[in-house]
Amino acid sequence: ARRPNVAKLLRGKHKPSFTPHVDCGDNVVITNAAKINLTGKKWEAKEYIRHTGYPGGQRSLTAQELYDKNPTRLVEKAVKGMLPKNKLGAVLFRNLKVYSGEEHDQEAQKPRVINLNDKK
């Protein structure tokens, strides 16, 4: 079986009841976002570009700069890029919680642990 990534879990593609236009996925909690590792020269070469909305307002951050500011944002941007670029994607993105450390506020929801590094 293929390795389920976070976007697939959010979307619900691993379920037999998957429907493309419905939010039938699971809520996902990601811990230890601060321990993320990028291969190659991506820490310096990968750029995240945004625009302020003003003329000449294009700003960019390298992956290292974004990580230094907020390590959870690096993971959030990666997952958001794998979701649909429409209203459904925005709704699905709200089902994602990312924490830089081991602790999280979702214990009351009784989350199951899925280690994505172990899956093959």
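Values in this document were obtained by computation on a predicted structure and should not be read as measured data.

Engineer: Describe the pattern of salt bridges, listing the residues and the values that go with them.
Structural biologist: As enumerated under the stated definition, the model contains one salt bridge in all. Among the salt bridges present, the one from Lys-15 reaches Asp-26, with a minimum N-O distance of 2.9 Å. Here Lys-15, found in the loop between helix 1 (6–11) and strand 1 (28–30), pairs with Asp-26, found in the loop between helix 1 and strand 1; they are eleven residues apart in sequence, far enough to count as distant. The class for Asp-26 is partly exposed, based on a relative accessible area of 26%.

Engineer: Outline the pairing of strand 2 (residues 47–51), listing residues and values.
Structural biologist: With five bridges connecting them, strand 2 and strand 3 (residues 58–62) associate as antiparallel partners. By the bridge assignment, Tyr-48 is partnered in strand 3 with Leu-61. Hairpin connection, strand 2 to strand 3: the antiparallel pair is bridged by six residues, and Gly-53 has positive phi, about 105°.

Engineer: I'd love a proper account of a positive patch on the surface, names of residues and values included.
Structural biologist: Taken together, the side chains of Arg-50, Arg-59, Lys-69, Arg-73, Lys-77 and Lys-80 present a region of like positive charge at the surface. Here the element with the most residues in the positive patch is helix 4 (residues 71–80); it accounts for three residues. Within the fold, Arg-73 resides in helix 4. Under the relative-accessibility criterion, Arg-73 is labelled partly exposed at 35%.

Engineer: Any details on the packing of aromatic side chains? Residues and values, ideally.
Structural biologist: Using the criterion set out here, one finds one aromatic pair in the structure. Residues Trp-43 and Tyr-67 carry aromatic rings whose centres are separated by 5.3 Å and whose planes lie at 75° to one another, so their mutual orientation is edge-to-face. Of this pair, Trp-43 sits in helix 2 (residues 42–45) while Tyr-67 sits in helix 3 (residues 63–69), placing them 24 residues apart in sequence. Given the relative accessible area of 21%, Tyr-67 is considered partly exposed. Against the face of Phe-93 rests Lys-80, its NZ or CZ located 4.6 Å from the ring centre.

Engineer: Quick rundown of the environment of Arg-11? Include the residues and the values.
Structural biologist: Mapping Arg-11 onto the fold places it in helix 1. Beyond its immediate stretch of four places on either side in the chain, Arg-11 contacts Phe-18, Pro-20, Cys-24, Gly-25, Pro-84, Leu-88 and Leu-92. Within polar-contact distance, the side chain of Arg-11 engages the backbone oxygen of Pro-20 at 2.9 Å.

Engineer: How would you sum up the side chain of His-104? Please name residues and give values.
Structural biologist: Here His-104 is to be found in the segment after strand 4 (96–98). Given the relative accessible area of 19%, His-104 is considered buried. Engagement of the side chain of His-104 in a polar contact is seen with the backbone nitrogen of Gln-106, the distance being 3.1 Å. Here the side chain of His-104 touches Glu-107 through a polar contact of 3.3 Å, side chain to side chain.

Rules of the game
Every chain is numbered independently, its residues counted from 1 as its sequence is written. Totals for whole chains, interfaces and linings use every residue, but because this is a predicted model, local features are given only for residues with pLDDT of at least 70 and side-chain atom pairs only at 80 or more, for both listing and counting. Side-chain metrics in this entry use all non-hydrogen atoms of the structure; hydrogen atoms and water are not considered. Within this document, salt bridges are pairs made up of a side-chain nitrogen of Lys or Arg and a carboxyl oxygen of Asp or Glu, the two lying within 4 Å of each other. Helix and strand definitions here come from DSSP, where helices need a minimum of 4 consecutive H or I residues and strands a minimum of 2 consecutive E residues; each element is numbered from the N-terminal end. The rule is simple: take the accessible area with a 1.4 Å probe, protein chains only, and divide by the maximum for that residue type; under 20% is buried, over 50% is exposed, in between is partly exposed. Paired strands are those between which DSSP finds at least two bridges. The patches reported here contain residues having more than 30% relative accessible area and no salt bridge. Joining distances are 9 Å for like charges and 5 Å for nonpolar side chains (Val, Leu, Ile, Met, Phe, Trp, Tyr). The method behind every accessible area is Shrake-Rupley, applied with a 1.4 Å probe, and residues are considered shielded solely by the protein chains displayed. As used throughout, the charge tally considers Lys and Arg to be positive and Asp and Glu to be negative, leaving His and the chain termini uncounted. Lys charges are placed at NZ, Arg charges at CZ, Asp charges at CG and Glu charges at CD. When two rings of Phe, Tyr or Trp (its six-membered ring) have centres within 6.5 Å they constitute a pair, described as stacked for plane angles under 30 degrees, edge-to-face for angles over 60, and tilted for the intermediate range. Any Lys NZ or Arg CZ that is within 6 Å of a ring centre and within 35 degrees of that ring's normal is treated as a charge sitting over the ring. Contacts: residue pairs with any heavy atoms within 4.5 Å of one another. Any N or O atom pair separated by 3.5 Å or less is treated as a polar contact, with the protein-specific requirement of one donor-capable and one acceptor-capable atom, and with residues adjacent in sequence counted only for side-chain atom pairs.

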